[in-house]
Amino acid sequence: QCQLSGLWRNDQDSLMEISVRDNGDFQGQYFTQVTLSGGCAQISPLRGTQQQLGEEGWPTFAFTVRWDKFSNATTTFVGQCFVDAGGKEMLSTTWLLREAVRSLEEDWKATR
């Protein structure tokens, strides 16, 4: 069974700390090593929700990180928590980052 609460590290050496409530909602902090501005690492708030654990114990989840201290962008992640054959918990995610642009004509380049 996979538990979303705790400290997570990604392939880019960023850290995420999550605290899950009884209803499946969660909050935490994302400490990113990767910034759009190329600056130093920053901490940003995150909020999300997970499916309540069923018999399989592999919850799906979604969360948003607001990069408000160093960037005018927001990223949304969706994914699922797994346990590999060695017993290691792992989050598999897909993300979209939306950066603010100055006009509708620039909208095409705002989402990564």
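Residues numbered from 1 in each chain as written. Predicted model: local features only at pLDDT ≥ 70, side-chain atom pairs only at ≥ 80, totals over all residues. Heavy atoms only, no water.

- Named according to an unreviewed UniProt entry, the protein is Avidin originating from Ploceus nigricollis.
- Comment text from UniProt for the protein, heading Function (unreviewed entry), reads "Forms a strong non-covalent specific complex with biotin."
- In the Sequence similarities (unreviewed entry) part of its UniProt record, the protein is described as follows: "Belongs to the avidin/streptavidin family." (UniProt positions renumbered as here; feature names shortened; annotations may be inferred.)

1. Focus: the sheet that holds strand β4 (residues 42-50)
Phase 1: Strand order in this open sheet of 7 strands is β1-β2-β3-β4-β5-β6-β7, and the pairing throughout is antiparallel. Two strands lie at the open edges of the sheet, namely β1 (6-9) and β7 (89-99), each paired on one side alone. In this sheet, neighbouring strand axes are inclined to one another by 25° on average, regardless of whether the strands run parallel or antiparallel.
Phase 2: In this sheet, β7 lies alongside strand β6 (residues 73-83) in antiparallel orientation, the contact comprising 11 bridges. Residue pairing for β7: Phe 77 is matched across the bridge by Trp 95. (Pairing = 2+ DSSP bridges. Helix = DSSP H or I, 4+ residues; strand = E, 2+ residues; numbered from the N terminus. Axes fitted to C-alpha atoms, helices over the stretch in contact; angles between N-to-C directions.)

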